Amino acid sequence: MPRLLKAAIASCSSSFSRRALSSTIPLPAQPEASSSKLPSPPPPTESSESTPPARWSPFTQRTGLIAMKRGMTALWDEDGKRWPVTVLQVDRCQVIRHESPTGPEGKYTMQLGASDRPNVRRLHKNQINHFKSAGVHPKYHLKSFHVTKDALIPVGTEISAAHFVPGQYVDVIAKTIGKGFQGVMKRFGFRGQPATHGTTLSHRSAGAMGANQDPGRIWKGKKMPGRMGGKQRTTHNLLVHRVDKELNLIFVRGAVPGFDDAVISVRDAVRATKWKAENEFKRGKPDGEWLAEGVKTLPLPTVTVQQAASADWPAVMEWPGPGKA
Amino acid sequence: MSRSLRTLSSAALPARCIAGPSRLPLDTIRKASTQAASNPSSPSSSPSSSPAALASASVQSTASYPYSSSIVSKPSTLETPTPRRNLLHPKKGWSVIEHLNSHLRSQYDTLSLSTTLFARKSPERLRTGSIITVTSWTNAAKTATTSFSGVLIGTKHRGIDTSFRVRNVVSRIGVEYNFKCCSPLLKEVKVIKSAKGKKGPGRDLGTRKAYWVRDRPDILSKIAAQASKAVKSR
């Protein structure tokens, strides 16, 4: 191992320790001028404070977030009703890249990255440069979201869990738990054959596969045993029950696909938020009444971690229930 | 290859993009949130259940939070510190749930049931066979109550979802009720007779889960008689 690299690693070892949450973050060793062959990345532009922030409309498409599913727990609301909730944590979700729309009516594509990689030595150079041009630490997970122009966020900005408002609906997209190669009873809910009365070796089988000479083949898409799970699925219209801006947690009501610590993509619900707001807008409702459950508007373009920390909001915000506006 | 990344100068990057896992230390978050959040609500108060307290909490939060008119402020989870300190990006995410559950139990479990009567190893924990009366509120305003008496046939320890099962025979019909220890609608758990000994109606049923009692109506009839007698005498 080169001597300089060893020294650099030794000086940075405490910054990569998994348990440390020290207040001083040690900086990496400063380079010699000759060793850096690539240009330094442009500093991320902060959002300008002079222009007033744009107001969310039903025809605005905000960005989503990358979160980790931490597990499930239960919360009781003001009526004493118990709600099972899934805890999603936003782990250093930063904007990596913007892409322009492909057509005249198209939307911008914004790439977000989440969860810093502690060990970057095994990354390909092109991967390192991809993050370097954004000025962010290399991430584990990357996802793209389509956004309208007013919802663009400067590259390098870290997004907070307060991007979502308690009381709004979200869609959650994740890979389901893989179940391996499974039979038709587990995979498709077939009823199988009787356990007794002479059934021979076919208690859990699919039974007949098709008709007779016509068509003389098996239709495409016939349900058969195969690999189950491990597919991306969307769970729609989950209510955001609570938002914790200190630990960057989003509590959504109900279950979410995937195992604990899985990567989740969270976005504003297409049906319960976007289409509903569009309908209310077309009915002539004023701004502030497009969304339900006491939600007046959604933060546009987002709430950054710095904004959430400095804002005069409660650390933990919860939606109390319907009719409690 | 790795050196090129580590040569990123810190001056070109904002504080959060410094090479190395970036993070805001929990101390900074705690300080920022206590400074910024000007809520005068006491940090250790349990979630306000009375309408007046709820209204005051909503009004305080509504004034500062512009995106919703119906928000209730809850105490910060960092006020219940847990041994695991890496809560922002833990290696195993379940540590976040453990931290949350310990905080939520301190908030919700006002009767401290999950730490005394229904704990795993507390000396005062209830054994199966104990006869108890559970009083619970029937509405959110907490004006009316209802009682259920019976024999404890099992306690399920699930952290915040810790629950216990009570069985009784009411009008010749066996009825089981599953109560959550941390439910805000739970008013009181009164122990009529703590299970003890190996004989008699108040005996210790011997197992942590006594579901076999469902097939033994003779045991239950004696327990039900004793429970109703004790309830009437109070």
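Here the structure is a predicted model, which means the values were calculated and not measured.

Comments concerning unusual backbone geometry
Reasoning step 1: Backbone torsion omega between Asp214 of chain A and Pro215 of chain A reads 0 degrees, so that peptide bond is classified as cis.
Reasoning step 2: Looking at the secondary structure, you find Pro215 of chain A in the loop between helix 3 (184-188) and strand 9 (226-228).
Reasoning step 3: The residue after Leu300 of chain A, namely Pro301 of chain A, is reached through a cis peptide bond having omega -5 degrees.
Reasoning step 4: Within the secondary structure layout, Pro301 of chain A lies in the loop between helix 4 (270-282) and helix 5 (305-310).
Reasoning step 5: The phi angle at Asn248 of chain A is positive, at roughly 60 degrees, despite the residue not being glycine.
Reasoning step 6: Within the secondary structure layout, Asn248 of chain A lies in the loop between strand 10 (232-244) and strand 11 (249-253).
Reasoning step 7: Residue classification places Asn248 of chain A among the buried residues on the basis of a relative accessible area of 8%.
Reasoning step 8: Backbone geometry at Lys142 of chain B places phi at a positive 60 degrees, although glycine is not the residue there.

A short note on the sheet that holds strand 3 (residues 145-156) of chain B
Residues and elements named next belong to chain B.
Reasoning step 1: Within the open sheet, the five strands sit side by side as 5-4-3-2-6. Their pairing is antiparallel. One side of each edge strand has no neighbouring strand; the edge strands of this open sheet are strand 5 (173-180) and strand 6 (186-193). Put simply, the sheet's adjacent strands are angled 40 degrees from each other on average, direction ignored.
Reasoning step 2: Direction of pairing for strand 2 (residues 131-137) relative to strand 3: antiparallel, over a ladder of seven bridges. Paired with Thr135 across the two strands is Ser147, which belongs to strand 3.

Brief notes about the nonpolar core
One recurring pattern in soluble globular proteins is that nonpolar side chains are buried together.
Reasoning step 1: Formed by 47 residues in total, the largest nonpolar core has its most connected members in Leu88 and Ile250 of chain A.
Reasoning step 2: Breaking this core down by element, the ones donating at least two residues are strand 1 (65-76), strand 3 (93-99), strand 4 (108-116), strand 5 (139-147), strand 7 (169-175), strand 10, strand 11 and strand 12 (263-268) of chain A.

Description of the sheet that holds strand 3 of chain A
Residues and elements named next belong to chain A.
Reasoning step 1: Taken in spatial order, the four strands of this open sheet run 5-4-3-6, and their pairing is antiparallel. Either end of the sheet is taken by a strand with one partner, and the two such strands are strand 5 and strand 6 (158-159).
Reasoning step 2: Summarising the sheet, strand 3 and strand 6 pair through two bridges and their orientation is antiparallel. Opposite Cys93, over in strand 6, you have Ile159 as the bridge partner.

Description of the pattern of salt bridges
Reasoning step 1: Scanning the model with the defined rule gives 20 salt bridges over all chains in all.
Reasoning step 2: The salt bridge partner of Asp91 of chain A is Arg92 of chain A, with a shortest N-O separation of 2.8 Å.
Reasoning step 3: Judged by relative accessible area, which is 7%, Arg92 of chain A ranks as buried.
Reasoning step 4: Here Lys180 of chain B makes a salt bridge to Asp161 of chain B, at a shortest N to O gap of 3.9 Å. Of the two residues, Lys180 of chain B sits in strand 5 while Asp161 of chain B sits in the loop between strand 3 and strand 4 (163-170), which places them 19 residues apart along the sequence.
Reasoning step 5: Of the residues examined, Lys180 of chain B reaches a relative accessible area of 22% and is grouped as partly exposed.
Reasoning step 6: When salt bridges that share partners are traced, they join Asp91, Arg92, Asp116 and Lys139 of chain A into one network.

Examining the packing of aromatic side chains
Reasoning step 1: Scanning the model with the defined rule gives eleven aromatic pairs over all chains in all.
Reasoning step 2: Centroid distance Trp76 of chain A to Tyr108 of chain B: 5.2 Å. Interplanar angle 70 degrees. Geometry classified as edge-to-face. Here Trp76 of chain A, found in strand 1, pairs with Tyr108 of chain B, found in helix 4 (residues 94-108), and the two come from separate chains.
Reasoning step 3: Accessibility expressed as a relative area gives 3% for Trp76 of chain A, which makes it buried.
Reasoning step 4: Among the aromatic side chains, those forming a connected cluster through ring pairs are Phe118, Phe148, Phe164, Tyr177 and Phe179 of chain B.
Reasoning step 5: Over the ring of Trp83 of chain A we find Arg253 of chain A; its NZ or CZ atom is 3.6 Å from the centre of that ring.

Some points on empty space enclosed by the protein
Residue and element names in this part refer to chain A.
Reasoning step 1: The tally for this structure, following the rule as stated, stands at four cavities of 30 Å³ or more.
Reasoning step 2: Computed from the structure, the second largest cavity encloses a volume of approximately 70 Å³.
Reasoning step 3: When residues of the lining of the second largest cavity are assigned to their parent elements, the largest contribution, three residues, is made by helix 4.

Structural notes on helix 4 of chain B
Reasoning step 1: Between its first and last C-alpha atoms helix 4 of chain B spans 20 Å; for 15 residues at 1.5 Å apiece the expected length is 21 Å, and the two agree.
Reasoning step 2: Of all the residues in helix 4 of chain B, the buried ones are Ser95, Val96, Ile97, His99, Leu100, Asn101, His103, Leu104, Gln107 and Tyr108 of chain B.
Reasoning step 3: Where helix 4 of chain B is buried, its residues meet strand 1, strand 2 (82-89), strand 10 and strand 11 of chain A.

Comments concerning helix 4 of chain A
Residues and elements named next belong to chain A.
Reasoning step 1: Its maximal kink placed at Lys276, helix 4 deviates by approximately 25 degrees.
Reasoning step 2: Where helix 4 is concerned, the buried positions are Ala272, Thr273, Lys274, Ala277, Glu278 and Glu280.
Reasoning step 3: Turning to helix 4, the residues buried within the fold contact strand 7, strand 10 and strand 12.

Brief notes about a positive patch on the surface
Residue and element names in this part refer to chain B.
Reasoning step 1: A cluster of like positive charges, contributed by Arg120, Lys121, Lys156, Arg158, Arg208 and Lys209, occupies part of the molecular surface.
Reasoning step 2: Inspection of the secondary structure puts Lys156 in strand 3.
Reasoning step 3: In this structure Lys156 comes out as partly exposed when scored by relative accessible area, which is 43%.

Conventions we followed
- Residues numbered from 1 in each chain as written.
- Chains lettered and ligands numbered in written order.
- Predicted model: local features only at pLDDT ≥ 70, side-chain atom pairs only at ≥ 80, totals over all residues.
- Heavy atoms only, no water.
- Helix = DSSP H or I, 4+ residues; strand = E, 2+ residues; numbered from the N terminus.
- Buried < 20%, exposed > 50% of the residue type's maximum accessible area, 1.4 Å probe, protein only.
- Pairing = 2+ DSSP bridges.
- Axes fitted to C-alpha atoms, helices over the stretch in contact; angles between N-to-C directions.
- Core = buried A, V, L, I, M, F, W, Y, C linked by side-chain atoms within 4.5 Å.
- Salt bridge = Lys/Arg side-chain N within 4 Å of Asp/Glu carboxyl O.
- Phe/Tyr/Trp six-rings, centres within 6.5 Å; stacked < 30°, edge-to-face > 60°.
- Lys NZ or Arg CZ within 6 Å of the ring centre and 35° of its normal.
- 1 Å grid on protein atoms, 1.4 Å probe; cavity = no way out; pocket = protein on both sides within 12 Å on 5 of 7 lines; lining within 4 Å.
- Points joined across faces, edges and corners; volume = space filled by probe spheres on them.
- Expected span 1.5 Å × (residues − 1).
- Contact = heavy atoms within 4.5 Å.
- Bend = angle between axes of the 7 residues up to and from the residue.
- Patch = residues over 30% accessible without salt bridge, like charges linked within 9 Å, V, L, I, M, F, W, Y side chains within 5 Å.
- Areas by Shrake-Rupley, 256 points an atom, 1.4 Å probe, with all protein chains shown as cover.
- Lys, Arg positive; Asp, Glu negative; His and termini not counted.
- Charge placed at Lys NZ, Arg CZ, Asp CG, Glu CD.

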